[in-house]
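Topology and contacts: notes
What follows is the residue order along each chain.
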Amino acid sequence: LFGLPDQAPHERVLLAADAETGLKAILAVHSTARGPAFGGCRFWTYDNELAALNDALRLSQGMSLKNALADLPFGGGKAVIIKPAGQFDRPALFAAFGRAVQSLDGAYITAEDVGTTTADMLGMQAQTQYVSGIPRAGAFGGDPSPKTAWGVFVSIEAGVKLHLKRSSLEGVRVAIQGLGAVGWHLAEFLHKAGAKLVVTDVDAAKIARAQQLLGAQAVGIDEILSADVDVLAPCALGAALNSVSVPQIRAQLIAGAANNQLATAADGDALQQRGICYLPDYLVNAGGIISVAREYRNEGEESAVMAEVSRIGERVAELLERVKLENSTPGRVADAWARAKLVKPV
Ligand code: NAI
């Protein structure tokens, strides 16, 4: 339990349970070296409690790297709530979760992730001040997913220029796996820039919408990773890039929103050997945390947040430069770069 192999151990992991509401949650504080651990809360069905713990540990560690690379004055943390099997009272469940967050006295700050909404965050404010991603009247705040999508978009733009050596996204074929909160906004940005979209989702209505509104081509969920495209954007759940999918990928560039896209570091090496440029998820998808972090610190203004998110494109360019110099892979270079920043910012 004390950290993943070869990785820094977690500082604190809280198992929070509440019999009345059915809450079973894991709050994982990976690192507070840069500041309080900041990362979203996932609400999900897990096969068993160990799977939920593993998810929380992996995701919170990813947040340490993400927040460090984005130069945020925050450490890395993440929470996972195991979705109750039967009926449950959602506001009461999230209130109990809010109390668990508060019990950490600010060591962990929460926000949205897969399965949680702005309404959940808003409801929790009565229990804890350590929550962000809340719509605020007359001020910046709320759903981080459009900002995450913008960060992915500028990363794709940079990767297309530097790796595919194409000057614009006009006519570039992009496959998007998952048209959820981030995937949909990304599809809109790409369509506007002239890219040709190939999409899939488990939800047929989302596919139909992309066909109608964005002229997207639809493929089955088993076909998206091997689609004949220039760019692949995994925007569903983790481990899409694994020993089965990697040999089949035809895209030359991978940049998407999903956390923990590589099943193992060896899959990153395999991509590199195939000449495929994989832009690390925690670099590319930092737009959302940049947004909720600014909101939390009350430094929010739409234009300033967007400018900060756009800097992700510059970091992608710097990363690819470092990869060339160090003759390594983007995943390994980004990892070392982020780990070197796991110290208190000056
Ligand atoms: P979401 O739940 O709104 O969207 C996920 C979409 O993927 C849904 O439409 C779902 O139907 C679809 N999906 C699920 N399994 C699929 C499969 N096997 N094949 C194709 N589609 C499938 O989640 P959201 O917020 O868009 O996040 C997507 C990913 O990005 C997650 O991994 C999340 O952790 C990550 N992320 C999200 C951020 C945000 O701001 N929302 C920030 C950083 C990372």
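Every chain's residues receive numbers from 1 upward, in the order its sequence appears when written. Since the coordinates come from a predicted model, pLDDT governs what is reported: local features require at least 70, and pairs of side-chain atoms require 80 or more to be given and counted, while whole-chain, interface and lining totals use all residues. Values shown for side chains rest on all heavy atoms present in the structure; no hydrogens or waters enter the calculation.

1. Overview of the sheet that holds strand 12 (residues 277-278)
- We call two strands paired when DSSP finds no fewer than two bridges between them. Helix and strand labels come from DSSP, where a helix needs a run of H or I of at least four residues and a strand needs a run of E of at least two; each type is numbered from the N terminus. Strand order in the open sheet made by the 6 strands is 9-8-7-10-11-12, with parallel pairing throughout. The open sheet has two edge strands, strand 9 (217-218) and strand 12, and neither has a second partner.
- Pairing geometry for strand 7 (residues 173-177) and strand 10 (residues 231-234), over 4 bridges, is parallel. The partner of Val-174 across the bridge, within strand 10, is Val-231.
- Most of the contacts of helix 6 (residues 204-214) go to strand 8 (residues 196-200), to which it runs at about 165 degrees, and overall it touches strand 8 and strand 9. Residue contacts are counted whenever heavy atoms from the two residues lie within 4.5 Å of one another. Axis definition: a line fitted to C-alpha atoms, over the contacting stretch in the case of helices. Angles run 0 to 180 degrees between N-to-C directions.

2. Regarding the layout of surface pockets
- Roughly 970 Å³ of internal volume is contained in the largest pocket.
- Here a cavity denotes a set of grid points, spaced 1 Å apart and computed over the protein atoms alone, in which a 1.4 Å probe fits but from which it cannot get out, and a pocket denotes an open set meeting protein on both sides within 12 Å along at least five of seven lines; residues with an atom within 4 Å of a point are reported as lining. Contributing to the lining of the largest pocket are 43 residues, with Asp-113, Val-114, Ala-181, Val-182 and Ala-236 lying nearest its centre.
- Side-chain classes follow a simple rule in which Ala, Val, Leu, Ile, Met, Phe, Trp, Tyr, Cys and Pro form the nonpolar group, Asp, Glu, Lys and Arg form the charged group, and the remainder, Gly included, forms the polar group. Residues belonging to the lining of the largest pocket are distributed by class as follows: 17 nonpolar, 16 polar and 10 charged.
- In this document the domain limits rely on a domain assignment from an automatic tool or a database. Here the lining of the largest pocket spans two domains, and each of domain 1 (12-124) and domain 2 (145-286 + 314-334) adds at least three residues to it. Grid points are joined across faces, edges and corners, and a volume is the space filled by probe spheres set on the points.

3. As for the site of the ligand
- Proximity criterion: a residue is near a molecule or strand once any of its heavy atoms comes within 4 Å of it. Near the ligand you find 24 residues, and of these Thr-148, Val-182, Asp-201, Lys-206 and Ala-236 are the closest.
- In this structure, an oxygen atom belonging to the ligand sits 3.4 Å away from a main-chain N or O atom of Gly-180.
- Each polar contact in these results corresponds to two N or O atoms within 3.5 Å; when the atoms are within protein, one needs to be able to donate a hydrogen and the other to accept it, and residues that are neighboring in sequence are counted only if both atoms are side-chain atoms. Measuring from an oxygen atom of the ligand, one finds a backbone N or O atom of Ala-236 at 2.8 Å.
- Contact with the protein chains removes 81% of the 830 Å² of surface that the ligand exposes when unbound.
- Any molecule with more than half of its atoms within 2 Å of a cavity's or pocket's grid points is regarded as sitting in that cavity or pocket. When each cavity is represented as a set of grid points, the ligand is found to reside in the largest pocket.
- For the shell around the ligand, the secondary structure elements donating two or more residues are helix 4 (145-162) and helix 5 (181-192).
- Across the shell around the ligand, the residue classes break down as 11 nonpolar, 8 polar and 5 charged.
- Formed jointly, the shell around the ligand draws a minimum of three residues from each of two domains, domain 1 (12-124) and domain 2 (145-286 + 314-334). Method for areas: the Shrake-Rupley scheme with a 1.4 Å probe, in which residue coverage is limited to the protein chains shown.

4. Quick notes on the domain arrangement of the chain
- In terms of domains, the chain is made up of domain 1 (12-124) and domain 2 (145-286 + 314-334).
- A C-alpha centroid distance of 26 Å is found between domain 1 and domain 2.
- Domain 1 puts 13 residues into the contact, and the matching count from domain 2 is 11 residues.
- Both sides together, the interface formed by domain 1 and domain 2 hides about 1,000 Å², and carbon and sulfur atoms give 56% of it.
- A 1.4 Å probe defines the accessible area here, and the buried area is the portion of it lost by two parts on being joined, summed over both. For the domain 1 face of the interface with domain 2, the top three residues by lost area are Arg-58, Lys-66 and Leu-69, together amounting to 54%.

5. Things to note about the pattern of salt bridges
- A side-chain nitrogen of Lys or Arg and a carboxyl oxygen of Asp or Glu constitute a salt bridge if their distance falls within 4 Å. The full count for this structure, using the stated rule, is 19 salt bridges.
- Put simply, Asp-71 and Arg-315 hold a salt bridge, and the shortest N to O gap is 4.0 Å. Residue Asp-71 is located in the loop between helix 1 (49-69) and strand 5 (75-82), and its partner Arg-315 is located in helix 10 (residues 302-326); the two are separated by 244 residues in the primary sequence.
- Think of it in three bands: residues with accessible area under 20% of the maximum for their type are buried, residues over 50% are exposed, and the middle band is partly exposed, with areas taken using a 1.4 Å probe on protein chains only. Residue classification places Asp-71 among the partly exposed residues on the basis of a relative accessible area of 37%.
- Salt-bridge contacts for Asp-335 lead to Arg-339; the nearest nitrogen and oxygen are separated by 3.0 Å. Of this pair, Asp-335 and Arg-339 both sit in helix 11 (residues 330-340), 4 residues apart, roughly one helical turn.
- Classification of Asp-335 by relative accessible area gives partly exposed; the value is 24%.

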